Amino acid sequence: AAPVQITAEQLLREAVDRQATEVEVPRQRIVDADELQDYRVRKRKEYEDYIRRQRQNIGMWVKYATWEAGQKEFRRARSIFERALQVDYKNVALWLKYIEMEVRNKFVNSARNLYDRVVQLLPRVDQFWFKYAHMEELLGNFVGARAVFERWMEWEPEEKSWMLYIKFEERCGELERARRVFERFLSVRPYVSSFLKFCKFEERHRDIERARAGFEKAIEVLHVEDLDEDFYIKFASFEERQREFDRSKAIYKLALERLPKSESEELYRRFVSFQKRFGEKEEIEDVVVDRRRFFYEDELKKDPRSYDTWFDYIRLEESAGNLERIREVYERAIANVPPINEKRFWKRYIYIWYSYAMFEELQTGDAERTRQVYDKALALTTQKGVTFAKLYAFYAEFEVRQLQIQKARLIFGRALGECGKEKVFTAYAELELKLGEIDRCRKIYAKWVEMQPSNPRAWTALIDLEVSVQEMERARAIAEIAIGMEYMDAPEQIWKAYIELEAEAGEDERVRSLYERLLEKTQHFKVFKGYAEFELRQAGSIENARKVLQRGDRCLKNDDLKEERALLRAFWLELERENGDKEGIKKAFEAQPKRVRRMKNLIGEDGTKEGLEEVVEPAFPDDEPENPAKKILEKAKAWKKRKQMEQQATAGAAAASAPAGGAYNAQFQQGPAGGEGGQRNGEPAAAAAAAASGGGGESEVPAAAAAGPPPGMGGDESMEGEPN
């Protein structure tokens, strides 16, 4: 590489700096004909040299010809244009410049000749036809302009060209000619826009019948898919301007029937506006309903299982009051069964059946149809394996309203076999209770208990039934059976119901007995709380309530349940504030715990310590402070006792398996195979040595000391709940 590198930027900068300034051509004054002739010869030579080098540069040809025309050398200018056309005769700008030169210098015939040539060579360029006809019109040669338009129309140009011809005839006052041109235009281009322009033309010239005929012809000739909402809106607006409101309404309705709902939003809006201005009240309501109906139909095409949309659609039809349409919508809605037989997919769907049945019962009063709806719903849900207790309950209630009690019982009996849910039992029992059939209620609840023996609500319902009919002994017997059940989902509900039963009966001793029995099974703080509330509220003894709370506090303390104990003491303070004296309040307040922070070891699943965490626990003022040394000593004593028991068990096993004289050989024959230094069954080395000496006395080194310190007496291990 070169020692000095030069960048491209540096090269460009130097080139610009060294660039010579452009030489300005001096202005030259021509004073005689010879100088003018020399100037023309020099310019012609420059142009000829340039176009010789760049023959395809049409712009230079145009400049050359324009310069010659400026020198009034029109023959030379025409010659240059003709030479340029030989290079590119399809260049539109070249033809326009050529014609413009002729027109500017008033060579009209030459311009006509050029137009005739160009429209033959380029007939699809509408600009030449339009300028040709416009020139003839400016010259007052309307016949010639019409002939140009006629030649132009033979090529069947675009819509804009036909409209130019029609407007030309309008300017000439030839309306009949313009209509004939329109008719030719419609035959060549039978589109919606063409008919709309024709109708607008006829309406502007006050020929209403021809305008209406144009709209009708469009509907007759064009395909239905070609007629959009804009066409119908303009047709209806035309009839509205002519005060033909019935015709306009008929057009709107025809359009609404033909057009898709998604493509006729503006049409609906116009129709509603029309009905508000010229229609009657019923017609306005029908329009609004139709509009909403079409909207719901479109939504349901997108998602036929949109049950919320079906509900809105049904409400719309019910407001309209057409029974056949309402039933049709209901049948279409229930036909869209959920594809998955899971209850969460059926929750909205089943309400369509409920609504259908209610409609037939309440609005039409047709009991037989209502039964058919319920029967179909039950058959469908049973077949799909998705049952609803509410469906059976509604059906039975319907039969009750029809005074068909036996049918209602049969429906509930069917429900117990097919569904067996809690709501079925409660609804059936409520029906029989209203009818005063207590024995039937007992049988229903007994069946419920038999089918769901671990359901506490079944037992409590049976107990409440017996209490309501003043059968206290039966209620107590049922409660005793319930609390004696080995398996119960929520036994506290049974106990609560039993205790409330005795409390309402005024049996304080029985209530106390129940609480004592419950405390034998569980010592949850809520039990003590309820017990204390009973002693205070019903028995009226705050002393007994305090004793219960103190007893609960001791039990929770023994079980080391600090949070529950704190809640119980908070309840004690609340109880004293409401019913106690100052001394009791003071004592309860002083017994309240404080929240303290302490570090606690995190123990993993394998029993190893994984670190420390900070916890906030209640600290009770009457508890003794924790003594770490005491805990360590207790653990050491427990460890020593455990080791002594292990040693005694090992020594007893050895004495039973070997003779006394062979103790030495037995121990040392097993030593190398048993582990390090003759240790046997985990004994320390000092104990093994004492056994080997055969002295049988105590060793100077105790076994516990030789084996190392007990857990918590040394090393890195820390006590539970204390930081290292």
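As a reminder, the structure under discussion sits directly above these lines.
Everything quoted here is computed from the prediction, not taken from an experiment. (Residues numbered from 1 in each chain as written. Predicted model: local features only at pLDDT ≥ 70, side-chain atom pairs only at ≥ 80, totals over all residues. Heavy atoms only, no water.)

Draft legend 1. Looking closely at the overall build of the protein chain. Per the secondary structure count, the protein chain includes 36 helices and two strands. When burial is assessed residue by residue, the protein chain has 38% of its 724 residues classed as buried. Within the protein chain, residue pairs in contact and separated by at least 24 positions form 49% of the contacts whose partners lie at least 6 positions apart. For the protein chain, the exposed area adds up to about 44,000 Å²; of that, 50% sits on carbon and sulfur atoms. (Helix = DSSP H or I, 4+ residues; strand = E, 2+ residues; numbered from the N terminus. Buried < 20%, exposed > 50% of the residue type's maximum accessible area, 1.4 Å probe, protein only. Contact = heavy atoms within 4.5 Å. Areas by Shrake-Rupley, 256 points an atom, 1.4 Å probe, with all protein chains shown as cover.)

Draft legend 2. Seen up close, the pattern of salt bridges. In total, this model carries 63 salt bridges according to the counting rule given. Linking Glu 174 and Arg 177 is a salt bridge whose minimum nitrogen-to-oxygen distance equals 3.9 Å. (Salt bridge = Lys/Arg side-chain N within 4 Å of Asp/Glu carboxyl O.)

Draft legend 3. Quick peek at the packing of aromatic side chains. Considering all chains together, one arrives at 36 aromatic pairs under this definition. Ring geometry for Phe 182 and Phe 185: centres 6.1 Å apart, planes at 50°, overall tilted. With Phe 182 and Phe 185 both in helix α10 (residues 175-188), this residue pair falls three residues apart, about one helical turn. Judged by relative accessible area, Phe 182 falls into the buried class, the value being 0%. Taken together, the ring pairs connect Trp 129, Phe 142, Phe 149, Trp 152, Tyr 165 and Phe 168 into an aromatic cluster. Stacked on the ring of Phe 107, the Lys or Arg Arg 78 has its end atom at 4.7 Å from the ring centre. (Phe/Tyr/Trp six-rings, centres within 6.5 Å; stacked < 30°, edge-to-face > 60°. Lys NZ or Arg CZ within 6 Å of the ring centre and 35° of its normal.)

Draft legend 4. Spatial organisation of the side chain of Glu 229. In this structure, Glu 229 sits in helix α13 (residues 229-241). The side chain of Glu 229 is buried and forms no salt bridge, while Arg 270, the nearest opposite charge, is found at 8.6 Å. Beyond its immediate chain neighbours, meaning those up to four positions away, Glu 229 contacts Leu 259, Glu 263, Ser 264, Glu 265, Glu 266 and Leu 267. (Lys, Arg positive; Asp, Glu negative; His and termini not counted.)

Draft legend 5. Highlighting the environment of Pro 491. Relative to the assigned elements, Pro 491 resides in helix α27 (residues 491-504). By relative accessible area, which is 37% here, Pro 491 ends up partly exposed.

Draft legend 6. Spatial organisation of the side chain of Thr 381. Counting through the fold element by element, Thr 381 comes out in helix α20 (residues 367-384). Setting aside its immediate chain neighbours within four residues, Thr 381 contacts Trp 346, Ile 350, Val 386, Thr 387, Phe 388 and Leu 391.

Draft legend 7. Layout of the packing of α20 against helix α21 (residues 389-401). At a closest axis distance of 11 Å, the pairing of α20 and α21 adopts a crossing angle of 160°. Compared by their axis directions, α20 and α21 come out roughly antiparallel. Pair α20 / α21 crosses with left-handed handedness. Of α21, the residues touching α20 (which contributes Ala 367, Thr 370, Arg 371, Tyr 374, Asp 375, Ala 377, Leu 378, Thr 381 and Thr 382) are Leu 391, Tyr 392, Phe 394, Tyr 395, Phe 398 and Glu 399. Here the contact of α20 with α21 is composed, by residue class, of nine nonpolar, three polar and three charged. (Axes fitted to C-alpha atoms, helices over the stretch in contact; angles between N-to-C directions. Parallel < 35°, antiparallel > 145°, perpendicular 65-115°, else oblique. Left-handed = near helix turned anticlockwise from the far one by under 90°. Nonpolar A, V, L, I, M, F, W, Y, C, P; charged D, E, K, R; others polar.)

Draft legend 8. Examining helix α31 (residues 562-579) more closely. Compared with an ideal rise of 1.5 Å per residue, which puts 18 residues at 26 Å, α31 spans 26 Å between its outermost C-alpha atoms and is within 8% of the ideal. For α31, every residue scored as buried is listed here: Arg 565, Ala 566, Leu 568, Arg 569, Phe 571, Trp 572, Leu 573, Leu 575 and Glu 576. For α31, the secondary structure elements touched by its buried residues are α29 (525-538), α30 (542-558), α32 (582-590) and β2 (609-619). (Expected span 1.5 Å × (residues − 1).)

Draft legend 9. Here's a closer look at α30. Counted at 1.5 Å a residue, the expected span for α30 with its 17 residues is 24 Å, and the 24 Å between its end C-alpha atoms agrees. The complete set of buried residues in α30 reads Ile 542, Ala 545, Arg 546, Val 548, Leu 549, Gly 552, Asp 553, Cys 555 and Leu 556. Taken together, the buried residues of α30 touch α29, α31 and α32. Remark: Asp 560 follows α30 within two positions and exhibits a positive phi of approximately 55°.

Draft legend 10. Molecular detail of the pairing of strand β1 (residues 594-603). Bridge analysis of β1 against β2 gives ten bridges, and the strand direction is antiparallel. Each residue of the ladder has a partner; that of Met 599, found in β2, is Glu 614. Counting the residues that bridge the hairpin from β1 to β2 gives five residues, and of these Gly 607 lies at a positive phi of roughly 90°. (Pairing = 2+ DSSP bridges.)

Draft legend 11. Examining the environment of Leu 519 more closely. Within the fold, Leu 519 resides in helix α28 (residues 508-521). Residue Leu 519 is classed as buried on the basis of its relative accessible area of 6%. Separated by 33 residues in the primary sequence, Leu 519 and Gly 552 have C-alpha atoms spaced 9.7 Å apart. The contacts of Leu 519, once residues within four sequence positions are left out, are Val 527, Phe 528, Tyr 531 and Arg 551.

Draft legend 12. The arrangement of a positive patch on the surface in detail. Positive charge collects at one region of the surface, where Lys 343, Lys 347, Lys 390 and Lys 423 lie side by side. When its relative accessible area of 35% is taken as the criterion, Lys 343 is described as partly exposed. (Patch = residues over 30% accessible without salt bridge, like charges linked within 9 Å, V, L, I, M, F, W, Y side chains within 5 Å. Charge placed at Lys NZ, Arg CZ, Asp CG, Glu CD.)

Draft legend 13. The arrangement of unusual backbone geometry in detail. In the Ramachandran plot, Arg 206 falls in the positive-phi region, its phi being about 65° despite a non-glycine side chain. With relative accessibility at 73%, the residue Arg 206 sits in the exposed group. Although it is not a glycine, Arg 243 adopts a positive phi angle of roughly 65°. With respect to the element layout, Arg 243 can be found in the loop between α13 and α14 (245-258).

Draft legend 14. Local environment of the nonpolar core. Membership of the largest hydrophobic core comes to 97 residues, with the highest contact counts inside it found for Trp 310, Tyr 349, Ile 352, Trp 353 and Leu 391. Within the second largest apolar cluster, 76 residues are counted, among which are Val 62, Val 118, Phe 235 and Phe 274. (Core = buried A, V, L, I, M, F, W, Y, C linked by side-chain atoms within 4.5 Å.)

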